[in-house]
2 protein chains.
Amino acid sequence: MKVTLVGAGKLGMQLYAKLTCIEEIQFVEWYIRSSKKNKTNEGITITNDAKKLKQTDVYIIAVSDNAIEKVSNILPKNSFVVHTSGCISINKIKQSRRGVFYPIQTFSKGRNIDFSSISIGLETRTKNDYVMLERLVNFFGANCLHINSDQRRQLHLAAVLVNNFPNYLYAQAEVLCIEKGLSFELLKPLLFETVSKLDQLSPIDAQTGPAVRDDEKTIKEHLKLLKKPHLRSIYKLLTKEIQRNNGKKL
Amino acid sequence: MKVTLVGAGKLGMQLYAKLTCIEEIQFVEWYIRSSKKNKTNEGITITNDAKKLKQTDVYIIAVSDNAIEKVSNILPKNSFVVHTSGCISINKIKQSRRGVFYPIQTFSKGRNIDFSSISIGLETRTKNDYVMLERLVNFFGANCLHINSDQRRQLHLAAVLVNNFPNYLYAQAEVLCIEKGLSFELLKPLLFETVSKLDQLSPIDAQTGPAVRDDEKTIKEHLKLLKKPHLRSIYKLLTKEIQRNNGKKL
């Protein structure tokens, strides 16, 4: 299968690294708008001239959500083009052969993602194109997930709840630790346990802490310690919601 | 070292399991208020009569925060008594030889905690008693952390931010998945990656997602999908805070 990759952001870099390792894939070109090099260390051609792009079986767009439509417009008209976004409509791609290839994972600089542990959400307009993406996902060693746009958007929203928001709370916890001369490392076994126990328990059953216990004294104590008004608001709101969901205050 | 344990809640059960395995510890009695048995399967004496408690080197109270003071009152006067709470003052213990033995971890039913990976926060009033708790922590194979009440309370607050609140968000994400016929399992590699990358990156540097990118379109899209008003409020507040902390909207 001949593949062209577009974009060299966090996801683009990971896809690049993976695509170069798959024997069954002929990684033809990497389109990077602002590139000054014309070959990668692994010998893959880099181009910044969309007009000269070679014909391949699939073009994978891994650029920011806002740029997907624009990038699709400069890719060859009669080609199969997929984007990798959790939130953008399949119809932002202008080619009639369009698709979505959405890896359900967070990508950070310098982190090598093990694709074999993740699912990739697929959407296409024809069966044939679906089969091609399915092959691609198999080459990645990932799990195939047939989802429509509606499911994909919801999954993307859920991903924000399990990834971006907890990470923000970790950052705030780190600040609290530093304020008192404590290392954030102390909390890491707790972070891991909170996630690991989901192998056994549904999160609703795994809920612990002062909110679910309705431990008003501790909650008051914590609010006294919280000096930042915005973090206080978040504490209050999440605590109220945990209590409400616990059925005690409905 | 002779030890008495008080309480058979989530933490009490874990302490029981661990204490019975440590050769250097003579686990004398387990005080459980509502117990009907008088021996455990491992042969440890269970009692519900505080007046008959035998003299031991240390009494470990693992009961709910609200009950600590009351329990301390019924334990032998001239003994060394410690509680295990992150939030309660050392002075709620009435014995003059008092201490805190606070395992920085979340404890759930049916989960065996590996004490060797965690830290236990210690506070005592005398050096001698500290040395005794330090020995106990060493028997547990855990890391000793000398902290005062002020640090302990802050650590407990930080623990809520990294444990209870993310867990609530996981529960809400699971609901969103179920609504669209998707499995929560799909998000687990993402959950793990978010936590695992903290080995390399500080959470403030690890922040990803629409908020930190100021991706207003996606944020609007997500708010449209969120039907529960309370979850919408949480989404808005956390998004605003991530943006503010990113320095873009200060």
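Everything quoted here is computed from the prediction, not taken from an experiment. (Residues numbered from 1 in each chain as written. Chains lettered and ligands numbered in written order. Predicted model: local features only at pLDDT ≥ 70, side-chain atom pairs only at ≥ 80, totals over all residues. Heavy atoms only, no water.)

Q: What is the right way to look at the overall build of chain A in this model?
A: Looking only at helices and strands, chain A features eight helices and eight strands. Over its C-alpha atoms chain A spans a radius of gyration of 22 Å, topping by over 25% the 18 Å that the globule rule assigns to 250 residues. Overall, the C-alpha framework of chain A stretches about 70 × 40 × 30 Å when taken along its three principal axes. The buried share of chain A, taken over its 250 residues, is 59%. Expressed as a percentage of contacts within chain A between residues at least 6 apart in sequence, the contacts between residues at least 24 apart total 49%. Surface accessibility of chain A: about 11,100 Å² in total, with carbon and sulfur atoms responsible for 48%. Averaged over its 38 positive side-chain charges, chain A has a centre that lies 7 Å from the centre of its 24 negative ones. (Helix = DSSP H or I, 4+ residues; strand = E, 2+ residues; numbered from the N terminus. Rg over C-alpha atoms; globule rule 2.2 N^0.38 Å. Buried < 20%, exposed > 50% of the residue type's maximum accessible area, 1.4 Å probe, protein only. Contact = heavy atoms within 4.5 Å. Areas by Shrake-Rupley, 256 points an atom, 1.4 Å probe, with all protein chains shown as cover. Lys, Arg positive; Asp, Glu negative; His and termini not counted. Charge placed at Lys NZ, Arg CZ, Asp CG, Glu CD.)

Q: Please clarify how the relation of the copies chain B and chain A should be interpreted in this entry.
A: The operation relating the two chain copies consists of a rotation about an axis and a shift along that axis. For these two chains of identical sequence, chain B goes onto chain A by a turn of 180° and a shift of 0.0 Å along the axis, with RMSD 0.1 Å. Taken together, the turn and the small shift mark the pair as related by a two-fold rotation axis. When each C-alpha of chain B is compared by its distance to the rotation axis, B:Pro166 comes out closest, at 2.5 Å. In this assembly the copies share their binding face: 100% of the residues contributing to the interface of chain B also contribute to that of chain A. (Least-squares fit on C-alpha atoms with pLDDT ≥ 70 in both.)

Q: Whenever I open this one, the nonpolar core confuses me. Can you help?
A: Generally speaking, a soluble globular protein has its nonpolar side chains buried in company with each other. In this structure, A:Leu155, A:Leu187, A:Tyr235, B:Leu155, B:Leu187 and B:Tyr235 are the most contacted members of the largest nonpolar core, which totals 80 residues. Filtering out sequence-adjacent residues up to four positions away, B:Leu155 remains in contact with A:Cys177, A:Leu182, A:Leu186, A:Leu187, B:Tyr102, B:Ile104, B:Leu145 and B:Ile147. (Core = buried A, V, L, I, M, F, W, Y, C linked by side-chain atoms within 4.5 Å.)

Q: Any chance you could explain the domain arrangement of chain A here in plain terms?
A: You'll often see interface size given as the accessible area lost when the parts meet. Residues and elements named next belong to chain A. Per the domain assignment, the segments of chain A are domain 1 (2-147) and domain 2 (152-245). A C-alpha centroid distance of 35 Å is found between domain 1 and domain 2. Taken together, the 14 residues of domain 1 in the interface contact six residues of domain 2. Across the domain 1 to domain 2 interface the summed buried area is about 750 Å²; carbon plus sulfur atoms make up 56%. Interface area lost by domain 1 to domain 2 is led by Gly 86, Cys 87 and Tyr 102, which between them contribute 50%. Where domain 1 packs against domain 2, one counts one salt bridge. Counting across the interface, domain 1 meets domain 2 through three residue pairs in polar contact (both at pLDDT 80 or more). (Domains from an automatic or database assignment. Buried area = accessible area lost by both parts, 1.4 Å probe. Salt bridge = Lys/Arg side-chain N within 4 Å of Asp/Glu carboxyl O. Polar contact = N/O pair within 3.5 Å; in protein donor to acceptor, adjacent residues only side chain to side chain.)

Q: Even after reading the chapter, I still don't get the interface of chain B and chain A, so can you show me in this structure?
A: Facing 90 residues of chain B, the contacting portion of chain A comprises 90 residues. Approximately 9,200 Å² of surface area, both sides summed, lies buried where chain B meets chain A, with 66% of it carried by carbon and sulfur atoms. For the pair chain B and chain A, the number of links is six salt bridges. Between B:Asp150 and A:Lys180 there is a salt bridge, with its nearest N and O atoms 3.1 Å apart. Connecting chain B to chain A are 47 residue pairs in polar contact (both at pLDDT 80 or more). Every element with two or more residues in the side of chain B that touches chain A is listed here: helix 4 (149-179), helix 5 (188-196), helix 6 (203-206), helix 7 (216-225) and helix 8 (229-245) of chain B. Ranked by the residues each element gives to the side of chain B that touches chain A, the list is headed by helix 4 of chain B, at 27 residues. Considered class by class, the residues forming the side of chain B that touches chain A number 46 nonpolar, 27 polar and 17 charged. (Nonpolar A, V, L, I, M, F, W, Y, C, P; charged D, E, K, R; others polar.)

Q: Can you help me understand helix 7 of chain B in this one?
A: Because each turn of an α-helix spans 3.6 residues, side chains separated by three or four positions in sequence point in the same direction. For helix 7 of chain B, the full list of buried residues reads B:Thr218, B:Ile219, B:His222, B:Leu223 and B:Leu225. Here the buried residues of helix 7 of chain B occupy an arc of 155° about the axis, which is enough to place them on one side. Turned more than 90 degrees away from the buried face of helix 7 of chain B sit B:Lys217, B:Lys220 and B:Lys224, all of them exposed. Where helix 7 of chain B is buried, its residues meet helix 4 (149-179) of chain A together with helix 8 of chain B. (Arc of directions from axis to C-beta.)

Q: What exactly am I supposed to notice about the packing of helix 5 (residues 188-196) of chain A against helix 5 of chain B here?
A: Between two packed helices, the angle of one axis relative to the other and the distance separating the axes together describe the packing. The interhelical angle for the contact between helix 5 of chain A and helix 5 of chain B, taken along N-to-C directions, is 180°, at an axis separation of 10 Å. When the interaxial angle is binned, helix 5 of chain A and helix 5 of chain B end up roughly antiparallel. Contact residues: A:Leu191, A:Phe192, A:Val195 and A:Ser196 in helix 5 of chain A; B:Leu191, B:Phe192, B:Val195 and B:Ser196 in helix 5 of chain B. (Axes fitted to C-alpha atoms, helices over the stretch in contact; angles between N-to-C directions. Parallel < 35°, antiparallel > 145°, perpendicular 65-115°, else oblique.)

Q: Would you take a moment to explain the sheet that holds strand 8 (residues 143-146) of chain A for this structure?
A: Adjacent strands of a sheet pair through backbone hydrogen bonds, lying either parallel or antiparallel. All names here are of chain A. Taken together, eight strands build an open sheet; the order of strands is 3-2-1-4-5-6-7-8 and the sheet is mixed. The strands lining the two open edges of the sheet, one partner per strand, are strand 3 (45-47) and strand 8. Taking the axes of each pair of neighbouring strands and ignoring which way they run, one obtains an average angle of 25° across the sheet. In this structure, strand 2 (residues 26-31) lies alongside strand 3, joined through three bridges in parallel fashion. Each bridged residue has a counterpart across the sheet, and for Glu 29 the counterpart in strand 3 is Thr 45. Set on the sheet, helix 3 (residues 127-140) makes contact with strand 1 (2-6), strand 4 (58-61), strand 5 (80-83), strand 6 (97-103), strand 7 (119-124) and strand 8; between it and strand 7 the angle comes to about 165°. (Pairing = 2+ DSSP bridges.)

Q: In this structure, what is going on with empty space enclosed by the protein? I would like to understand it.
A: Where empty space is left can be seen by rolling a probe of water-molecule size over the atoms. If you walk through the whole model with that rule in mind, you get one cavity of 30 Å³ or more. Here the largest cavity is characterised by a volume of approximately 30 Å³. As for the largest cavity, its lining consists of A:Tyr168, A:Gln172, A:Lys228, A:His230, A:Leu231, B:Glu241, B:Arg244 and B:Asn245. Where the lining of the largest cavity is concerned, the elements lending two or more residues are helix 4 and helix 8 (229-245) of chain A together with helix 8 of chain B. Here the lining of the largest cavity is composed, by residue class, of two nonpolar, three polar and three charged. (1 Å grid on protein atoms, 1.4 Å probe; cavity = no way out; pocket = protein on both sides within 12 Å on 5 of 7 lines; lining within 4 Å. Points joined across faces, edges and corners; volume = space filled by probe spheres on them.)

Q: In this structure, what is going on with the pairing of strand 5 (residues 80-83) of chain B? I would like to understand it.
A: Remember that side chains alternate between the two faces of the sheet whenever the strand is regular. Residues and elements named next belong to chain B. By the alternation rule, side chains of strand 5 split into Phe 80 and Val 82 and Val 81 and His 83, which are all buried. As for the winding sense of the linkage, the β-α-β connection from strand 4 (residues 58-61) through helix 2 (residues 68-74) to strand 5 is right-handed. Taken together, the four bridges between strand 5 and strand 6 (residues 97-103) define a ladder with parallel strand orientation. The residue of strand 6 that forms the bridge with Val 82 is Gly 99. (Right-handed = clockwise from strand over helix to strand, strands pointing away.)

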